[in-house]
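# Structural characterization, general
Chain by chain, the residues run as shown.
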Amino acid sequence: MPHYAYDTAADYLDAAREMDDTGRPTLARLLAEEAADRIADPERAARILRDYSGPSLRQEG
């Protein structure tokens, strides 16, 4: 099993793409949300979230 180190938005996006490509859209969405959180440009963050549509499963607290 591969080990992933997620340090940057690009790392999270790479993982999101992989999850999407392997039929795991919910996990892809969560990873995309993490990537968007790490991007200072709100327009770019919004584009990322649009690419991985679907409801968020995050529980804000």
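Description of the structure in this document.

Cut-offs and rules
- Residues numbered from 1 in each chain as written.
- Predicted model: local features only at pLDDT ≥ 70, side-chain atom pairs only at ≥ 80, totals over all residues.
- Heavy atoms only, no water.
- Core = buried A, V, L, I, M, F, W, Y, C linked by side-chain atoms within 4.5 Å.
- Buried < 20%, exposed > 50% of the residue type's maximum accessible area, 1.4 Å probe, protein only.
- Helix = DSSP H or I, 4+ residues; strand = E, 2+ residues; numbered from the N terminus.
- Contact = heavy atoms within 4.5 Å.
- Salt bridge = Lys/Arg side-chain N within 4 Å of Asp/Glu carboxyl O.
- Expected span 1.5 Å × (residues − 1).
- Arc of directions from axis to C-beta.

Membership of the largest hydrophobic core comes to 13 residues, with the highest contact counts inside it found for Leu-13, Ala-16, Leu-31, Ala-32, Ala-35, Ile-48 and Tyr-52. Breaking this core down by element, the ones donating at least two residues are helix 1 (9–21) and helix 2 (25–37). Take this core: its biggest share by element is six residues, from helix 1. Those residues in contact with Ile-48, other than ones at most four positions away along the chain, are Leu-13, Ala-32 and Ile-39.

What follows concerns the pattern of salt bridges. All chains considered together, the criterion is met by three salt bridges. Among the salt bridges present, the one from Glu-33 reaches Arg-29, with a minimum N-O distance of 2.8 Å. Of this pair, Glu-33 and Arg-29 both sit in helix 2, four residues apart, which is roughly one turn of that helix. Since its relative accessible area comes to 13%, Arg-29 is described here as buried. Note that Glu-34 and Arg-38 form a salt bridge whose closest N and O atoms lie 2.8 Å from each other.

What follows covers helix 1. Taking 1.5 Å as the rise per residue, helix 1 with 13 residues should run 18 Å; its terminal C-alpha atoms sit 18 Å apart, in good agreement. By the burial criterion, the buried members of helix 1 are Ala-9, Tyr-12, Leu-13, Ala-15, Ala-16 and Met-19. Projection of helix 1 onto a plane perpendicular to its axis shows the buried side chains occupying an angular sector of 165°, all on one side. Tucked into the core, helix 1 has its buried residues touching helix 2 and helix 3 (42–51). Of the residues one or two after helix 1, Gly-23 is the one with positive phi, at around 80°.

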